[in-house]
Amino acid sequence: MSRRRTLSPRKKLALLVSAAAVAGGGAFVMATTSNAAPVQNASNSTVCQGLATALGNNQTFIDGQRAKPDAQSQARIANREAVIAQIKVQQAASNCKVGESAQGPQAAQPAQPAQPAQPAQPAKPAPSAPGKQQTAAPAQGAGGGAATGRQVCAGSTVTLSGEGGAPAASSNQFPAGTKLKVTNLDNNKSTTVQVTSVSGSCALLNNAAFEQVREPGKFLIRRALIEKVG
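All values reported here derive from a predicted model rather than from experimental measurement.

Student: Teacher, can you tell me more about the state of the cysteines here?
Tutor: Here is the idea: a disulfide is a covalent bond, and it sits between the sulfur atoms of two cysteines. One pass over the full model with this rule turns up two disulfides. Disulfide pairing is shown between Cys-153 and Cys-202; the S-S distance is 1.8 Å. With the S-S bond torsion at 80°, the cross-link from Cys-153 to Cys-202 turns out right-handed. In this pair, Cys-153 sits in the loop between β2 (150-152) and β3 (158-159) while Cys-202 sits in the loop between β6 (189-198) and β7 (204-205), placing the two residues 49 residues apart along the sequence. Each member of the pair, Cys-153 as well as Cys-202, carries the same accessibility label: buried. Counting only the cysteines that form disulfides, in the order they appear in the chain, gives the pairing 1-2, 3-4.

Student: When you look at the packing of aromatic side chains in this model, what are you seeing that I'm missing?
Tutor: By convention here, two paired aromatic rings are described through the distance between centres and the angle between planes. Summed over all chains, the structure comprises zero aromatic pairs. If you follow Arg-80 out to its NZ or CZ, it ends over the ring of Phe-61, 4.2 Å from the centre. One cation-aromatic arrangement involves Arg-214 over Phe-219; the distance from NZ or CZ to the ring centre is 4.8 Å.

Student: Help me understand helix α2 (residues 46-67) in this model?
Tutor: Three or four residues apart is the spacing at which side chains of an α-helix point the same way, because the helix has 3.6 residues per turn. Here α2 spans 31 Å end to end across 22 residues, near enough to the 32 Å set by a 1.5 Å rise per residue. Between a side-chain oxygen at the N-terminus of α2 and the backbone nitrogen of Val-47 the separation is 3.4 Å; the capping residue is Ser-45.

The rules behind the values
- Residues numbered from 1 in each chain as written.
- Predicted model: local features only at pLDDT ≥ 70, side-chain atom pairs only at ≥ 80, totals over all residues.
- Heavy atoms only, no water.
- Disulfide = S-S within 2.5 Å.
- Helix = DSSP H or I, 4+ residues; strand = E, 2+ residues; numbered from the N terminus.
- Buried < 20%, exposed > 50% of the residue type's maximum accessible area, 1.4 Å probe, protein only.
- Phe/Tyr/Trp six-rings, centres within 6.5 Å; stacked < 30°, edge-to-face > 60°.
- Lys NZ or Arg CZ within 6 Å of the ring centre and 35° of its normal.
- Expected span 1.5 Å × (residues − 1).
- Polar contact = N/O pair within 3.5 Å; in protein donor to acceptor, adjacent residues only side chain to side chain.

As structure tokens, this is what we get:
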């Protein structure tokens, strides 16, 4: 004769609690997954656009080195590949599409003719005091007392290379040793840096230089004034 096995009330209660816990955990995982922020890209995020532009400029530089290699190309390429890896880390941390690349408009622009940046107007002699002439004051740059040079690369945006070290810049239009003044017209901050290497854009700032002119949370300067001062 078979005997039906029955569970005590205490065991039934324990089983019900375990089932509820499993169901609640599954619901929590589903809720967490559904509430995750969507990945952004360069078309809907200024931060992502700046990082994508920086990645694209570095990739363009690598492509150029591979197309026309020299004795230092391998070292330069290795350095820029390390920079791209760091940019990808920043993309992931900023919830941007990792590996997204956008070519900055300044990289494809031809060199612009030199234009003076807000030149001072010559003073006219006062009619009441002929023979006396006043000298016009030198034009002041956006960064205060810093020297003002000629404007270059009009319309270019500026982003960062991801490289460390002291404030510096790289450029595809100016040789090493050239001094450039970069002003962020959105916050009136400027920095004067020396070009130390080649890049895929008119003026690509390293991390230290970009920090001096950036707006919090942004990796791209849309309204930039670039001047050659030395």
